[in-house]
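# Results of the structural survey
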Amino acid sequence: MIRFLLILSFFTLGSMLHGQRTLSLSGYVKDAASGETLIGASVICKETGKGVNANTFGYFVMNLPAGRYTISTSFIGYQEDIRTIDLQEDRKISIELKGEAIQVGEFEVVGERGEENTESTRMGTVDLDVQKLNTLPALLGEVDILKVIQFLPGVKSNGEGNSGFYVRGGGPDQNLILLDDATVYNASHLFGFFSVFNADAVKNIELIKGGMPANYGGRISSVLDINMKEGNERAFHGQGGIGLISSRLTLEGPIVKDRSSFIVSGRRTYVDVLTKPFVNPESQLSGSGYYFYDLNAKANYRLSEKDRVYLSGYFGRDVFDFAGANPGDPDFRIAWGNATVAARWNHVFGPKLFMNTTATFSDYSFAFNARQDQFAFKLFSGIKDIGLKMDLSHYPTARHSLKYGGQYIFHDYTTSTVDVSSGDTEFNIQDPPTLNAHEGALYVMDDFDLTDALRINAGVRLTTFHHVGPYTLYALDERGRAIGSREFSAGAPIASYTALEPRLSTRFRIDKNSSIKASFNRGQQYVHLASFSSIALPTDVWIPSSRNVRPQIGTQYSTGYFRDFKEHMFETSIELYYKDFDNLIEYAEGASPQDNGNTNYDAQLVFGTGYSYGAELFVKKALGRVNGWVGYTWSRTMREFPAINNGNEFASRWDRRHDLSVVLSYDHSKRWTFGATFVYATGQAVTLPVNRYFIEGRLVSEYTERNGYRMAPYHRLDLAATLRNKTTKQRTDPVTGETTTVEKRWKSSWTFSVYNAYNRANPYFIYFANDGDPAAGTFQVQAKQVSLFTILPSVTWNFKF
Amino acid sequence: MKRTLGAIVMMALMVSSCEKDIDVDLPTTAPKIVVEGSIETGAPPLVLLSRTQGFFDPTTVSSIASSFISDAVVTVDDGTTIHVLDRICSDLIPDSLLEEAAALIGIDAELLAQANICAWTKLDGSLLGMEGRTYRLNVATGGNTLSATTTLPNAVTLDSLWFRLAEQRPDDDTLGFIWGTITDPDTIGNAYRWFARRINAGADGEPKDDRFISPLFSVFEDKYVNGLTFDFFYNRGTAPYSTATDDNNEEVGYFKRGDTVLVKFATIGIDEYRFYESFSNNVSTQGDVFSNPANIRTNINGGLGIWAGLGVRIDTVICTP
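Source: prediction; values computed, not measured.

## Remarks on the overall build of chain A
Check the secondary structure of chain A and you find 4 helices and 52 strands. Looking at chain A alone, contacts between residues at least 24 apart form 65% of all its contacts between residues at least 6 apart.

Here you go:
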């Protein structure tokens, strides 16, 4: 590894020393109307043919020898800006792009903009421009960015209607979900049917499936980096929508014009309000209700040309009240949700050095309160993370783009605290001490051109994790019961892990329109998600690495061929990957949540390995009246645990041999846009009983092979049509009688959506029913398949002012 | 809680879900031997033997009856003597005693009448369960040998038992649950199972229950209640596949004012607790997407099922609020 670093610095120095003095052209790219920075806008020097992309904060740096250049700046949905720059000294410019005069389509995927697809070292990476997803069909009209991500090759959904996603064979806990750099632990509402991200408040999404650059870490399968909008700094605007199950409202505007802006966005469901009048007060459902809400807010202030600060936050909650349905069932309330806060400071040290420092706070909590007669049951689990990170982008020469920085996170986990009482008697369930851990990372990476054809992105990330006291470590007997314990005082070290994670991506350009890329990366993950159920539920508990639980290790090799056709109108790629997992966790067969108390939180876990390999084909058309993409994945994902399935290898639940997605949008006219999506996936692997026997006269099941059965394939077509109300009106001047066409301030549109258009009964789960009387000869067993959503139409009204 | 969450997901969405019958092609595996054996305080042991069947094997009476094993040598070692158990088969039991036999072995009397089902016990009274003793079971059948060990624990006596109207039915003054108060001994590792049997006559003049019924999940251990005195209750259990009227109307799950109920409260060991707990889970989560499918834990070497020692006390509760 030291050798690797030496080589890296040699390249860096080598090119720094060589040749003439380079000057830098730097600045911000913004939307001319709102002042909102444009992430990923492409800035190209026509003379050299070299281009750069604006970073997350809209900042770019281009290093060039002194001279006169034609600089073109472009971003899909905007008019290209072309200007001549006489570069005789370092220069800073501000580029403002105007929206296209005729809005061709509202939906476009920005993806690898311009030559990005074939030019950059990025692999397995896709950007989505969230604001343009509104014309795609959505379940119950709720536009959901996580569900759009599931249409990308290599990304699998967690069953019908679910927003959970799995990337290249990785588990749900292996996705790093960042909202303005703050970690979001549970990205779903309503047990997974909707994601926590309110599309109105989100500006940009980037998903990294492979070739993870060194500036990201802590998760081994993917990064989903989400940036919230900053708010319009020129004028006050609002937008919102009224849908079948929720309504949204977003307000944004300047605090100090051209210097500071804010955005506030809220969303709440009203299933509870709508259904209450129709529920019979006598029925078991009468005491039940459900709602969730989200609140996003962000403000920023430009202190000077060199400094800008941002403060953003998210708060969301799901609340469920439920009245007991059967005799002896309790009434209960479940509430869970996330809160994140991020404070960021951008500083431009000089034209070649850009810094971003972020302080983050993430909180996830889950509370379950049940009451029946004199019994009370309370369960709480949660995570609090406090983090600080600093990233420096350094552009020393024309050929190099360096990034280095560090990160520190303090984790505070409550795995589950349970209080149970019967009358005045409190059951003695010991509160598990909160688990504390320090996580740190340092990284350096360089994106550089070795030759004109060969670009390399090389980096290393040094990560370290320390589980510290207070903690009680139990000694267990052969039945897993505590027979002794050892106390660790606050701050005392319990388990420590350190690792060096190599990251390497290369691009070899064959010609202007095609390239070959390859990448290798290894990462360590110090948090794990343990689930007692086979779908992601908010009850799933996050646990840190410990003495017993070693860090998860993920290693990925990938290679791909990228080619653009017709002036980048079509972007295509084929990528192959192989991924290896170590130290995966599962609960032991037959483990139950109630056994988790009064013992070590990791006592019921078993450990194993896994691998996944596959090929992903992607064809995207980003321009024109018909745009969208087709993605196809062929893959295989296996797991092997000595303590599960008799030690035999078994298919992971998100193993799908074939996975096809088609996403299309057609701009018929100024007023009508049509959208369609189609998915086909190999049936999910499930565990079914193979044998039956009777205990005390009741039929019971014997399971033999884990995930040994495949449900029927999943396929579905969704359709949408968006009708925009007229955006202009005629105004007659009362004096001259002259009629002019003016833009309406208030704009609105209707989106009609049909989910599961051909009413396919897709399997959600299979169960074996048994009924009748064994003694009377009327006994029957029957396999039944439950489908969740039949054809579901919906309508949403959206507005903007 | 998982089960409740599952129910919620369904109800929350008020979804347009639908269900259809499908055919599932399952692999065939060699059958395993299942032991259902117990020995209670003051009573002889009782052992039933059967084999697992393919899930979709025929479900006629004869097919189900054919899963029971009638040819085996069963012994119980009480630490001093190895007792060879006596085989009793339903074809030799007079019809007048079938009801009683059914109550004893927990198999429907109709089934006993139609098929020849055998059980093993000790008829001469030389082997009666004694608290504190360890019993080793040995089964030899068709070339297979199975074994298991259980300790019959000292019975913990309930402090009190009473009937109370169900709080969730405020407008009703007849239906309720049976409550108990227990003082758990101050040693970790105690576990309990609850059974109840209504002995007052139902509409047909016969006793409402023909045997002790243990509701699902009516087992608990003292991991969290060690040494405590506290109240608890259970709903009324339902006999498997019951067609009784009050198991199929709003009275299901409730005891009723006027019922006379025998409560059998059993103290059991941890392995037995884990068997009954996982048995309850297995019955209630068959094929359910919200839980990881799990086999029932067993203490039988070489097979499935349970060999359980139960320290029992029986009390009578008259249901008057």
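## Quick word on the overall build of chain B
Looking only at helices and strands, chain B features 5 helices and 18 strands. Over its C-alpha atoms chain B spans a radius of gyration of 21 Å, differing by no more than 12% from the 20 Å that the globule rule assigns to 321 residues. Counting across all 321 residues of chain B, residues that qualify as buried make up 41%. A fraction of 68% describes how many contacts in chain B between residues 6 or more apart in sequence connect residues 24 or more apart.

## Structural notes on the sheet that holds strand β1 (residues 18–22) of chain B
Ordered in space as β50(A)-β51(A)-β1(B), the 3 strands form an open sheet in which the pairing is antiparallel. In the strand order of this sheet, the two ends are held by β50 (765–771) of chain A together with β1 of chain B, each with one partner. The average angle at which neighbouring strand axes cross in this sheet is 35°, direction not considered. In this sheet, β1(B) lies alongside strand β51 (residues 780–787) of chain A in antiparallel orientation, the contact comprising 5 bridges. Residue pairing in the sheet places A:Ser787 in a bridge with B:Cys18 of β1(B).

## A look at the pairing of strand β18 (residues 246–256) of chain A
Residues and elements named next belong to chain A. Sheet topology note: the strand β17 (residues 237–242)/β18 ladder contains 6 bridges and is antiparallel. If you follow Gly 240 over to β18, its bridge partner there is Leu 249. Connecting β17 to the antiparallel partner β18 that follows it, the hairpin turn spans 3 residues. Sheet analysis places β18 next to strand β19 (residues 260–269), joined by 10 bridges and oriented antiparallel. Directly across from Glu 252, in β19, lies its bridge partner Ile 263. Hairpin remark: β18 followed by β19, antiparallel, with 3 residues in the connecting loop; positive phi at Asp 258, about 65°.

## Concerning the confidence of the model for chain B
Residue and element names in this part refer to chain B. Averaged over all residues, the pLDDT of chain B is 88; the fraction at 70 or higher stands at 93%. Averaged pLDDT values for the elements of chain B fall to 46 in helix α1 (residues 2–13) and rise to 97 in strand β5 (residues 73–77). Considering only residues more than four positions removed or in separate chains, one finds that residues 1–15, a stretch of pLDDT under 50, has 27 contacts. Among the scores for the predicted complex, ipTM is 0.93 and pTM is 0.85.

## Looking at the sheet that holds strand β13 (residues 191–198) of chain B
All names here are of chain B. Reading across from one edge, β7-β8-β3-β2-β18-β17-β13-β14 is the order of the 8 strands in this open sheet, with mixed pairing throughout. Looking at which strands have only one partner, the edges of the open sheet turn out to be β7 (86–89) and β14 (219–221). Direction aside, the axes of adjacent strands within the sheet are offset by 30° on average. In terms of strand pairing, strand β3 (residues 46–51) meets strand β8 (residues 118–121) through 3 bridges, oriented antiparallel. Residue pairing in the sheet places Leu 48 in a bridge with Ala 119 of β8. Sheet strands touched by helix α5 (residues 270–284): β13, β14, β17 (260–268) and β18 (304–318). Its angle to β14, the strand with the most contacts, is close to 140°.

## Things to note about α5(B)
Helix length check: α5(B), at 15 residues, gives a terminal C-alpha distance of 21 Å against a target of 21 Å (1.5 Å per residue), a fit within 8%. Here α5(B) has its buried residues at B:Glu272, B:Tyr273, B:Arg274, B:Phe275, B:Tyr276, B:Glu277, B:Ser278, B:Phe279, B:Asn281 and B:Asn282.

## Topic: the pairing of strand β22 (residues 331–350) of chain A
Residues and elements named next belong to chain A. By the bridge criterion, 14 bridges tie strand β21 (residues 307–322) to β22 in an arrangement that is antiparallel. Following the sheet pairing, Asp 307 is matched in β22 by His 347. Where β22 and strand β23 (residues 353–372) come together, 19 bridges link them in antiparallel fashion. Bridge assignment links Val 341 to a residue of β23, and that residue is Phe 361. Connecting β22 to the antiparallel partner β23 that follows it, the hairpin turn spans 2 residues.

## With respect to unusual backbone geometry
Residue and element names in this part refer to chain A. In this structure, Pro 470 follows Gly 469 across a cis peptide bond, with omega equal to 5°. Among the structural elements, Pro 470 can be located in the loop between β28 (454–468) and β29 (471–476). At Asp 181, a residue that is not glycine, the phi angle is positive and equals roughly 75°. Checked against the element boundaries, Asp 181 lands in the loop between β11 (175–179) and β12 (182–183). Of note in the backbone geometry, Asn 646 takes a positive phi value of approximately 55° without being a glycine.

## What to know about the nonpolar core
Residue and element names in this part refer to chain B. Counting 69 residues, the largest nonpolar core has Val 35, Val 47, Ile 178 and Tyr 192 as the members making the most contacts within it. It is β18 that contributes the most residues to this core, 7 residues altogether. Discounting residues that sit within four places of it in the chain, Tyr 192 has contacts with Val 219, Phe 220, Phe 265, Ala 266, Thr 267 and Ile 268.

## Some words on the confidence of the model for chain A
All names here are of chain A. Taken as a whole, chain A shows an average pLDDT of 84; of its residues, 90% reach a score of 70 or greater. Scored below 50 in pLDDT, residues 4–19 makes 13 contacts in the model with residues more than four places away or belonging to other chains. A low-confidence stretch, residues 101–113 (pLDDT under 50), is modelled with 44 contacts involving residues beyond four sequence positions or located in other chains.

## Some remarks on the environment of B:Gly189
Residues and elements named next belong to chain B. Topologically, Gly 189 is positioned in the loop between β12 (175–183) and β13. C-beta crowding within 10 Å serves as the criterion here: with 16 such atoms nearby, Gly 189 is assigned to the partly exposed category. Sequence separation between Gly 189 and Asn 226 is 37 residues, and the spatial gap between their C-alpha atoms is 8.4 Å.

## Description of the environment of A:Lys50
Residues and elements named next belong to chain A. Here Lys 50 shows up in the loop between β2 (42–45) and β3 (51–53). Take Lys 50: there are 17 C-beta atoms within 10 Å of it, and that puts it in the partly exposed class. Between the C-alpha atom of Lys 50 and that of Ile 39, which follows or precedes it by 11 residues, the distance is 18 Å.

Conventions used here
- Residues numbered from 1 in each chain as written.
- Chains lettered and ligands numbered in written order.
- Predicted model: local features only at pLDDT ≥ 70, side-chain atom pairs only at ≥ 80, totals over all residues.
- Helix = DSSP H or I, 4+ residues; strand = E, 2+ residues; numbered from the N terminus.
- Contact = placed C-beta atoms within 7 Å.
- Rg over C-alpha atoms; globule rule 2.2 N^0.38 Å.
- Buried ≥ 20, exposed ≤ 12 C-beta atoms within 10 Å, placed from the backbone.
- Pairing = 2+ DSSP bridges.
- Axes fitted to C-alpha atoms, helices over the stretch in contact; angles between N-to-C directions.
- pLDDT = per-residue confidence, 0-100.
- Expected span 1.5 Å × (residues − 1).
- Core = buried A, V, L, I, M, F, W, Y, C linked by C-beta atoms within 7 Å.

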